Every structure is written in structure tokens, then in C-alpha cells.
Amino acid sequence: MRLVALSLSAVLLSGCSWFGGNSNSQQSYHDQRGAYAGSQNQCVVYSPAQPVPTGCDPAMVTMATGYGQAGAGGAYTTGGYGSHVSNAGNVSSQRSGQPRLKKPKLRGSMSFGTEKSVAGTLLDFSGALAPGFAYDPTPFQEGSVEQNGDIVTSTLYTSQFERYVAPSLSFDDVYNTPTILKGGFEYIASPRFTVFANAGYSHAEGTDDARITVQSTLLKTTTTDDITDALPPLSNTEFIPNVNVAHMILDFNDQRRFDVEAGARHYFKPIMQEKGYRTVTPFVAGAVGISHVNDVTYTTEQDQLFLAQAFDSSGANTNFYDVLGNGGVNTLYESDWLLNGAVTAGMEWQVTPKWALALETGVKFEQARDFANGDEGDNNVSVPVTLRGSFNF
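Residues numbered from 1 in each chain as written. Predicted model: local features only at pLDDT ≥ 70, side-chain atom pairs only at ≥ 80, totals over all residues. Heavy atoms only, no water.

1. Re the overall build of the protein chain
Right, so step 1: Helix and strand content of the protein chain: 5 helices and 20 strands.
Right, so step 2: When the accessible surface of the protein chain is split by element, carbon and sulfur atoms take 58% of a total near 23,700 Å². (Helix = DSSP H or I, 4+ residues; strand = E, 2+ residues; numbered from the N terminus. Areas by Shrake-Rupley, 256 points an atom, 1.4 Å probe, with all protein chains shown as cover.)

2. Remarks on the side chain of R265
Right, so step 1: Tracing the sequence through the fold places R265 in strand 12 (residues 255-267).
Right, so step 2: Here E186 takes part through its side chain, which lies 3.2 Å from a polar atom of the side chain of R265.
Right, so step 3: If sequence neighbours within four positions are ignored, R265 has contacts with E186, R192, F193, T194, F196, F283, V284, A285, E360 and R388. (Polar contact = N/O pair within 3.5 Å; in protein donor to acceptor, adjacent residues only side chain to side chain. Contact = heavy atoms within 4.5 Å.)

3. Things to note about the packing of aromatic side chains
Right, so step 1: One pass over the structure, following the stated rule, counts 11 aromatic pairs.
Right, so step 2: Ring plane angle 50° and centroid distance 5.5 Å describe the contact between F252 and Y298, whose orientation is recorded as tilted. Taken together, the residues F252 in strand 11 (residues 234-252) and Y298 in strand 15 (residues 296-305) connect sequence positions 46 residues apart. This pair shows no difference in class: F252 is buried, exactly as Y298 is. (Phe/Tyr/Trp six-rings, centres within 6.5 Å; stacked < 30°, edge-to-face > 60°. Buried < 20%, exposed > 50% of the residue type's maximum accessible area, 1.4 Å probe, protein only.)

4. Describing unusual backbone geometry
Right, so step 1: Phi at N242 is positive, roughly 55°, even though this residue is not glycine.
Right, so step 2: Tracing the backbone through its elements, the reader meets N242 in strand 11.
Right, so step 3: Within the chain, S314 stands out as a residue other than glycine whose phi angle is a positive 55°.
Right, so step 4: Mapping S314 onto the fold places it in the loop between helix 5 (307-312) and strand 16 (320-323).
Right, so step 5: In this structure S314 comes out as exposed when scored by relative accessible area, which is 62%.

5. Digging into the pattern of salt bridges
Right, so step 1: All told, the structure shown has 13 salt bridges when counted by the stated rule.
Right, so step 2: Here D259 ties to R257 by a salt bridge, and the two come within 3.3 Å at their closest N and O atoms. No difference in accessibility class separates D259 from R257, as the two residues are buried.
Right, so step 3: Within the structure, one salt-bridge network assembled from shared partners comprises R107, E186, R265, E348, E360 and R388. (Salt bridge = Lys/Arg side-chain N within 4 Å of Asp/Glu carboxyl O.)

6. Points about a negative patch on the surface
Right, so step 1: A cluster of acidic residues, D124, D295, E334, D336, D370, D375, E376 and D378, forms a negative patch on the protein surface.
Right, so step 2: Its location among the elements puts D375 in the loop between strand 19 (355-366) and strand 20 (380-392).
Right, so step 3: Residue classification places D375 among the partly exposed positions, given a relative accessible area of 35%. (Patch = residues over 30% accessible without salt bridge, like charges linked within 9 Å, V, L, I, M, F, W, Y side chains within 5 Å. Lys, Arg positive; Asp, Glu negative; His and termini not counted. Charge placed at Lys NZ, Arg CZ, Asp CG, Glu CD.)

7. Focus: the confidence of the model for the protein chain
Right, so step 1: The predicted model of the protein chain averages 77 in pLDDT, with 70% of residues at 70 or higher.
Right, so step 2: Below pLDDT 50 for its whole length, residues 1-39 participates in 15 contacts with residues either more than four positions away or in separate chains.
Right, so step 3: In the predicted structure, residues 66-101 sits below a pLDDT of 50 and forms 32 contacts with residues beyond four places in sequence or in another chain. (pLDDT = per-residue confidence, 0-100.)

8. What to know about the nonpolar core
Right, so step 1: If you look at the biggest cluster of nonpolar residues, it comprises 32 residues, and the most contacted ones within it are L122, V245, L250, F252 and L332.
Right, so step 2: Listing elements by their share of this core, those giving two or more residues are strand 4 (121-123), strand 6 (151-165), helix 4 (171-174), strand 10 (210-226), strand 11, strand 15, helix 5 and strand 17 (329-333).
Right, so step 3: A per-element tally of this core places strand 11 first, with 6 residues.
Right, so step 4: With near-sequence residues (within four places) excluded, V245 lies in contact with Y135, S159, V214, S216, L218, D303, Q304, L305, L307 and F320. (Core = buried A, V, L, I, M, F, W, Y, C linked by side-chain atoms within 4.5 Å.)

9. What about a nonpolar patch on the surface?
Right, so step 1: A grouping of L106, F185, Y187, F193, V195 and F393 is seen on the molecular surface, where their side chains present a nonpolar patch of about 580 Å² in accessible area.
Right, so step 2: Looking at the nonpolar patch, the elements with two or more residues in it are strand 8 (179-190) and strand 9 (193-204).
Right, so step 3: By the element assignment, Y187 lies in strand 8.

Now the structure itself:
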């Protein structure tokens with residue numbers, strides 16, 4: 001009986017061995033499955049030191065669960081895949097191109113500039129006289145009276161207005177070079193196109209050397225009268241034409257203006273580049289805006305000719321004297337809102353990745369103003385010059 005039990009146990013042990021199979025054979029089977037899976041996925045590696053397969057993104061690479069030859073014991077990695085190939089991933093990203101920098105979309109700007117008027121008349125004396133401006137010769141008459149017995153001789157020196165002799169006064173004649181300050185924002189729509197909006201203030205000092213010459217005919221009238229009325233009065237008039245009898249000096253007030261404008265710039269290909277970000281780039285720009293300007297007023301001073309001295313010396317003696325308090329304050333233009341537009345071109349230098357400097361000039365056109373008396377004035381055309389600094393946000 002004991003012999004039968006031993007024989008049965010031996011048979012059972014042999015059967016278990018037959019059903020379960022050898023452990024090495026099982027591991028080989030798993031290795032073959034892994035190899036098969038690897039053959040279907042090209043982004044599978046079998047060693048932590050193995051390089052990233054060609055054409056695979058490092059983030060998509062996976063590690064096989066085991067490797068080895070059939071019949072050998074399975075071996076497994078002791079760490080995650082990323083901890084072994086993180087450097088390789090960085091190299092791959094560097095090889096694919098330069099690191100992408102965040103491109104700014106908005107930048108602020110501050111500018112300092114000036115402008116010079118090249119066309120346009122602020123006051124033209126060849127047309128209608130400016131408000132409050134007219135030469136009246138009556139207050140400047142000179143004369144004398146002499147009596148010899150019954151005969152009284154009176155002499156009267158006066159002038160008869162002919163014309164104003166003066167060049168037309170341009171905006172540049174009336175105002176000194178203005179100082180213009182502006183601040184605003186520029187939106188970078190594309191690498192070569194931007195739109196901008198600015199607000200600014202400008203100030204220009206008025207001049208006090210606008211000189212208008214009054215040209216007249218000098219008259220000397222001599223009258224002889226017999227106080228006994230025994231003889232009728234006798235009168236004789238002499239004249240000298242084209243004599244400068246007065247100088248009108250206009251002293252203008254300062255100009256103050258507030259500007260709002262909007263426009264666009266187109267940047268061309270840089271003409272010079274160094275250290276990657278330092279570039280010199282040409283551009284063109286256009287802008288339209290509206291400006292509020294204060295009124296234009298002036299006071300007048302007058303130098304008047306000594307008429308008798310001038311006439312008796314046949315015009316050789318030209319002494320003048322000051323006339324005080326003549327004319328008061330006169331308004332040439334009232335304050336107004338004016339439309340304007342400009343076309344400019346310039347160069348921009350990228351000093352640092354955030355800061356840039358630009359110098360630009362061009363042509364600016366400004367709407368004509370109406371005189372205080374209702375007559376229409378002239379358009380103003382000027383050449384602006386601006387130095388602008390920009391900062392990327």
C-alpha cells in the first residue's frame with residue numbers, strides 16, 4: 001500500500017511540472033512578446049542608455065518592460081525613462097530650432113520734436129487789413145503859424161496813405177520754433193506693421209519783430225491870409241510821394257496747442273544688424289489728427305516820422321519817434337479746432353530687446369483758420385522733426 005502511494009505522488013509531481021512549464025521558458029515567451037510589441041512601435045527603447053529613435057519626439061518614447069535572451073532571467077530599469085534621457089530631450093529641442101521668444105504686442109512711446117512752417121500765410125497785408133489794424137495819419141500832422149503885420153502864414157505838414165510795404169507774414173515769421181512733446185501707445189499688428197495713437201502738447205513763443213512799413217505821400221500846404229480881408233486867402237500845396245512815414249511793429253502772443261492723432265507705420269527690412277537684437281530699420285508712417293489752438297492776438301507799437309524835418313530836407317532827414325499806446329490788443333484769430341495730417345519717414349534703432357530710438361521727419365498739413373472778422377486764412381504746411389523713444393511691454 002505504501003508503494004502505491006509513493007508511485008502516485010511521483011506521477012502527480014511529474015504532471016504539475018508538465019502543466020506549469022519551465023520558468024526560463026516563460027520568461028523567454030514574455031521577451032518575445034516584448035520584442036513583437038517593439039517591432040510595432042518604433043518609439044520603444046530597450047535600454048536607458050539607448051538614444052531617442054530617429055523621427056520620434058522625446059515625450060512619446062516608451063521603455064520596454066524587460067529585455068534579455070530566451071532562457072535568461074529578465075532584467076528591468078531601476079528608474080523612470082525621463083530621468084535617463086532628459087539631456088537628450090533638451091538637445092533635441094535645441095536642434096529643432098532657436099528658443100521661441102515672446103513677441104511684444106504693445107509698446108509705449110515718448111517723443112520730443114519741433115517743426116518749421118514752409119508754406120502758408122498767417123497775415124497778408126496785400127488783402128484786407130487785419131482786425132484793429134489801420135493807419136490814420138490825422139493824429140500825426142505838424143504845422144506852424146507866422147504873422148507879419150496883417151498877413152498870417154500857416155504851414156501844415158501831413159501825409160496821404162498809399163500802401164503797406166511788408167512781406168506776407170508766414171507762420172514761421174510770427175512764431176519761433178515750437179517745442180512739441182507727445183506720448184502714446186503703439187500696437188504691433190505684425191513684424192512689419194503697427195498702429196499707434198498719441199496725445200501731445202506744443203508751445204511756441206510769439207515774435208515781436210514783425211515790421212510793417214506805412215508808405216505815404218508827404219504834403220506841405222502853405223496858406224497866406226490877410227486878416228483885414230483886403231486880399232483873398234492864398235494856398236499852395238507841395239508833395240513828395242513814396243515816403244516811409246511810419247513803422248508798425250506787431251508783438252504776437254504765444255501759441256499753445258493740444259494734439260490728438262492716430263496712424264500706422266510700415267517697417268522695411270533692417271539695413272543693419274548686430275548682436276541679434278540691435279537693428280536699424282527704415283519705416284514710413286501716416287497719421288491724421290485734430291488740434292486745439294488758442295487765439296492769435298497782437299499789440300502794436302509805432303515809430304512815426306517827423307514830417308516837417310523830412311519834407312524840408314527833401315526826404316533826406318528820416319528821424320522817427322515812438323508812439324505809445326497805439327492800437328491796444330487786437331485779435332487776429334479766435335481759438336479753434338483744426339484738422340491735420342502728416343506723412344513721415346525715418347529710422348528706428350533697437351538699442352536693447354525692450355528699448356528703441358527712432359528719428360523721423362516728413363510733411364505735415366494743417367487746416368486753414370478763419371480770421372476773427374470772418375475771412376478765411378491760409379493752410380499751414382510744415383516739416384516736423386521728431387526723436388522718439390519706445391518701450392516694449
